Amino acid sequence: MLRKKRHVVISTLIIALLFPLPVHAHGQAVTISVGRDGYDDMVNYKVDVEAGHEVTITFTYDDADLATDNPHEIQILGAGVDLPTVTVSRDHPVATITFTPTQTGTLTILCIVPCIGMEKLVGGSIHVVKPKESGLSTSLALALSPRDEESALATVTLVDARGDPISGVPVTFTLHTSVGGELELGSPITREDGTAVLKVSAAPGQSLLISAAFEGGNGLGFSEFSSEITMPGDPETTPIGSLSSPTPPPVLALILLIVLGGIWVTYGTVVYQVFRIRSGGVK
Amino acid sequence: MTSIFRDSSKSVMGSLNAQEKVLLRPVMEWGRGFYLTVGGLAAIAAVGVFAYFTQLRDGLAVTGMRDTVSWGLYIINFVFFIGISHVGALLSSILRLTGAQWRHPITRMAEAITFAALLMGALMPIVDLGRPERVLNLITNGRLQSPILWDILSITTYLTGSVIFLLLPLIPDMALLRDKFANAPAWRRWIYKIFSFGWRGTPEQHARLERSMNTMAILILPIAVMVHTVVSWIFAMTLRPGWNSTIFGPYFVAGALASGAASVVLAMAVFRKMYHLDKFITLDHFKKMAVLVLTLDILYLYLNISEYVTLAYKMQGPEKAELGELFTGRFAGMFWTTQIVGLIVPACLLVLPSIKAVTGLSRIRPLRPLPLAVGGAILFAISLATPFAQSFLGTDLSLLIAVLRVGVLMLAGLAVLSLLPWLQARPVTSFVIASALIVVQAWFKRFLIVVPVMENPFITEGNAALSLYRPTWVEWAITAGAMAGFLLIYFLLSRLVPIVSVWETAHAKSAETVAGPAHSPLPVPTSSPEV
Amino acid sequence: MGERKVGRREFLKLVGAGAAISIVPTVGAKLAPLARSIFSRGPHPGDTGGGNHRWLMVIDLARCDGCGACTKACSAMHMAPPGQEWIKVYNLEHEGLAASHYFPRPCMQCDNPPCVNVCPVGASYKRSDGIVLIDQEICIGCRMCLAACPYSARYFNWTEPPHTEQELSQSYSVETNLPHRKGVAEKCLFCPALTSQGMLPACVSACPTGAIFFGDENENAVTNGVGQTLQLSELLHEGAAHRHMEELGTEPRVWYLPPRTQPTSMPNEPSEILISGAEGVRVKI
């Protein structure tokens, strides 16, 4: 029991270090610096805000140390929002935007003008989540295991503060894709023993990063857990045809060798004849 | 500037027989005409080189090519020159293998055309490259699956074969010059010594030479077919509508042979005049070449019809736009001119001497070209002035204009008819005009193969103006420079070595005096002949 | 005398050719690995190898409104030379009575790429993650690839492109094609510099209607720029997706959903159908 908890703590720490977990910002006021090293100097900036509440984002200009001005025009895109762009530059180092996101989902923050560091400013995201229920603390554990060549099993165990299983509640599984997408896989209901299982289709050799979340409610609090496995087997990559490969298909090379080789060898015999002419004549 | 060799060569010329004197005179005497010609051609080529340096400095943006039409005049010139280069295979190989004895005076001019054309043709894609300094990547990083690599392999192979096939029959003539042209400058004496390969004319050497020439004759023909087939495949291996055609291999080879044969007829006529070779290049040679050119011309016309009629019947989606441009659009003038004036009219001109009915035409008194032309011009002038008269007088003269236009066309047609007996009496002129038309047609046909297809891709620009191709001065200058370069190399060759093979014609002439002349009698023309 | 010798030689050549042709396939198969090791070339500058992904794109033509934000973002990010639109939005017209619709055309990153097949120096090459890249250090500028691409997706630097200091300070990488240089070919690369960092390509992020989806075929999930992630197989199946001109045999990796979608619910998505009689049918999914 203790070992399992340490497992959970260590895995959570590793994952928290490797994958930038969203910054929880209950206060709905966020400050983001915008510069050539990314939003808040991060490449994959993510922030969580709660749906249904007013959000104020303050963008600050972070490139003041540059000799020339590097203005950024920030656009926030997403379902349910239609916002004007805001510009930060040396002359306008602070810009604010206020809105109330109504739908859950992900909003994209990107800079839409050519600027230094643009490649780091096209993929910031705001996760609009349902307000996290507070209540009695619950804890979730997620285990992933390969099932066969094409699928994996995600098993979740939901317990309350005392360690008793919580049954009959939905647990939402989400696949985090390698381009920052979050695909909802399903929301099975926990069984008597507090476990829920979901079959996830996967490709051989694929790394699966899956998180499970319990929304809370009825006096129970929110909890979530992420886990990752790599499927066994060799990953599938796109096959490259013989016409497209950098090396020639051997049959083609051989045919060319034989045809052209034959011709050049014949040239050689003719040249030989010419030299015999020479040796038989005037020097 | 009189020939610096004239006095000294007189004594040299004394040791030559009559035939050799005529054939070797251009080689031994470089007069004012020579230097003027070389100078003029070199000047044009220099303009081309200057244009190329502009392109190197500023990039290919100085041409008219853009992302839609990304291949232009350079690739057109490339295909044109490689096409012309097939004449060597045709004459030296096919005629040799079929035992046509009349080929002897013209094989060397044909092989020389092949050599010069291959050099210029191989140069054109390099001029077209965006990074020419990396051309060696084709060897170090070459991919055998690419049609361009096949081009490179086959063209270098063909060039080597042509050089060998040019130099082999040159050996006895080089020996002749080595022995008889003692007053040549040192560098030329050195060339003649090296490339005569110690020729003494022994039977053993003759046997080896014959054997080598037989081998090359058999070899060079499939190589030539292979060359232009792979050249056509840089187009046919793409998916573009208009290029994605299985017929391209034979299509291009036929076009190459036709334009090559026609260019030899032009060379024959020019050299005959320039070097006074009437005894060697006779009317009979022209007539036999005319048969060849006619056959290849008809073959090419057949393949053209094959290609375009099968496309036009279906008007398949992507091809519809391209065919529309060709048949009735921007390229209609060029297309119909190349087909009618470039292929059908030459065929008529080539058969003209055999049409007995034409001689009858000259008996019709009113049918004389000058009065008909004058009459047509007058009517045309009236038809131009009539609209002004119409607005002045206020009456409707459109019927008069229509009648005048019909009249102009009729008189033009009659004028053309009246020219026919005149042409028939001058068969060489007929053949030369026909050949010139075919050669010019070949260049414009290559233009029509490349440009309209590229202007009409699957997914077209909305703005048609952006996709039009307008060649710039750089491209025209480089084209002119390439043509001048080709002529320069060819001309220099004809002055360095006898353009008619001395030993082969002596050989043939002696065979002929034994067997008798091999040509058939002609219908006697009424006006002065041109033999 | 010469004739006979030629005849014998000819016969021997024929026999030799026949023997050679008959052993070509077997010898060819055996020599394949040897050939590969002899002819293998060095790595391309900046090529990080692509990982175990198989990238593809799904473009929902029903959502594209022709705004061109994708083109602007791509051109800005890659400092595309003027006149080049690596993702280009066409207004595709159909013959006759069918309506026109907007058609964003990135490079299709074909699995049977004509541009790679015809490249004489191997500058255009296909990576194992499905992306077709251009090594501009090798490209000789022959423009055979421009002639071969049926989608008009390739561009050429006809002149020296304008540079910024920032661009010139970078060392050349095939994943960015920066710094640009004259005389070589260019095209959309599916932003490998971004995707290797777990970000979406610029055009995907910039599309305000979320019409462009991007993802890994192995993960069976595609994401767009407004935060929607959908299961790939369901999307293609339910949406009756097709690829443009796939009958040409190029096997493109960009799928298109038809310009008018079926009013069916997507998995994991709330579906809203707005039908307004006055404005015509608008389907929002």
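Residues numbered from 1 in each chain as written. Chains lettered and ligands numbered in written order. Predicted model: local features only at pLDDT ≥ 70, side-chain atom pairs only at ≥ 80, totals over all residues.

## Focus: the overall build of chain A
Of regular secondary structure, chain A possesses two helices and 17 strands. The 283 residues of chain A split such that 33% are buried. (Helix = DSSP H or I, 4+ residues; strand = E, 2+ residues; numbered from the N terminus. Buried ≥ 20, exposed ≤ 12 C-beta atoms within 10 Å, placed from the backbone.)

## Let's talk about the pairing of strand S6 (residues 72–77) of chain A
One face of the sheet, then the other: side chains in a regular strand alternate in exactly this way. Residues and elements named next belong to chain A. Summarising the sheet, S6 and strand S7 (residues 86–88) pair through three bridges and their orientation is antiparallel. Bridging across to S7, His72 finds its partner in Val88. Here S6 pairs with strand S9 (residues 105–111) via four bridges, running antiparallel. Along S9, the bridge assignment pairs Leu77 with Thr108. (Pairing = 2+ DSSP bridges.)

## Section: the environment of Asp37 of chain A
All names here are of chain A. Structurally, the position occupied by Asp37 is in the loop between strand S2 (29–35) and strand S3 (38–39). Using a count of 16 C-beta atoms within 10 Å as the deciding quantity, one classes Asp37 as partly exposed. The residues contacting Asp37, other than those within four sequence positions of it, are Gly117 and Lys120. (Contact = placed C-beta atoms within 7 Å.)

## Re the interface of chain B and chain C
Residue-level contacts link 36 residues of chain B with 38 residues of chain C. Broken down by secondary-structure element, the contributors of at least two residues to the side of chain B that touches chain C are helix H7 (137–140), helix H8 (147–180) and helix H10 (203–236) of chain B. Of the residues forming the side of chain B that touches chain C, the biggest block, five residues, is contributed by H10 of chain B. Taken together, the residues that form the side of chain B that touches chain C break down as 16 nonpolar, eleven polar and nine charged. (Nonpolar A, V, L, I, M, F, W, Y, C, P; charged D, E, K, R; others polar.)

## Section: the domain arrangement of chain A
Here chain A is partitioned into domain 1 (21–129) and domain 2 (138–230). When each unit is reduced to the centre of its C-alpha atoms, the spacing between domain 1 of chain A and domain 2 of chain A is 30 Å. (Domains from an automatic or database assignment.)

## Thoughts on the pairing of strand S14 (residues 182–186) of chain A
All names here are of chain A. Where strand S13 (residues 172–176) and S14 come together, four bridges link them in antiparallel fashion. Bridge pairing links His176 to Glu182 in S14. From the end of S13 to the start of S14, which pair antiparallel, there are five residues, and Gly180 there has a positive phi angle of about 80 degrees.

## Examining the sheet that holds strand S12 (residues 151–160) of chain A
Residue and element names in this part refer to chain A. Spatially, three strands are ordered S11-S12-S15 in an open sheet, and the strand pairing comes out antiparallel. The sheet is open, and its two edges are formed by strand S11 (138–148) and strand S15 (195–201), each paired on a single side. Within this sheet the neighbouring strands show an average axis-to-axis angle of 20 degrees, counted without direction. Bridge analysis of S12 against S15 gives seven bridges, and the strand direction is antiparallel. Residue Val156 lies in a different strand from S15, and its bridge partner there is Ala196. (Axes fitted to C-alpha atoms, helices over the stretch in contact; angles between N-to-C directions.)

## Quick notes on the interface of chain A and chain C
Facing 48 residues of chain A, the contacting portion of chain C comprises 58 residues. Elements with a contribution of two residues or more to the side of chain A that touches chain C: S9, S14 and helix H2 (250–279) of chain A. A breakdown of the residues in the side of chain A that touches chain C according to their chemical character gives 25 nonpolar, 19 polar and four charged.

## As for the sheet that holds S13 of chain A
Residue and element names in this part refer to chain A. The strand order across the open sheet built from four strands is S14-S13-S16-S17, with neighbouring strands paired in antiparallel fashion. The open sheet has two edge strands with one neighbour each: S14 and strand S17 (223–230). Neighbour to neighbour, the strand axes of the sheet diverge by 25 degrees on average, direction disregarded.

## Thoughts on unusual backbone geometry
Here the residue pair Leu178 of chain C and Pro179 of chain C is connected by a cis peptide bond, since its omega of -10 degrees sits within 30 degrees of zero. Among the secondary structure elements, Pro179 of chain C is positioned in the loop between helix H5 (165–168) and strand S7 (185–186). Even without glycine at this site, Asp41 of chain A takes up a positive phi of about 60 degrees. Within the secondary structure, Asp41 of chain A sits in the loop between S3 and strand S4 (46–50). A positive phi angle, near 55 degrees, is found at Asn177 of chain C, a position not held by glycine. Along the polypeptide, Asn177 of chain C turns up in the loop between H5 and S7. When the 25 C-beta atoms within 10 Å are taken as the criterion, Asn177 of chain C is described as buried.

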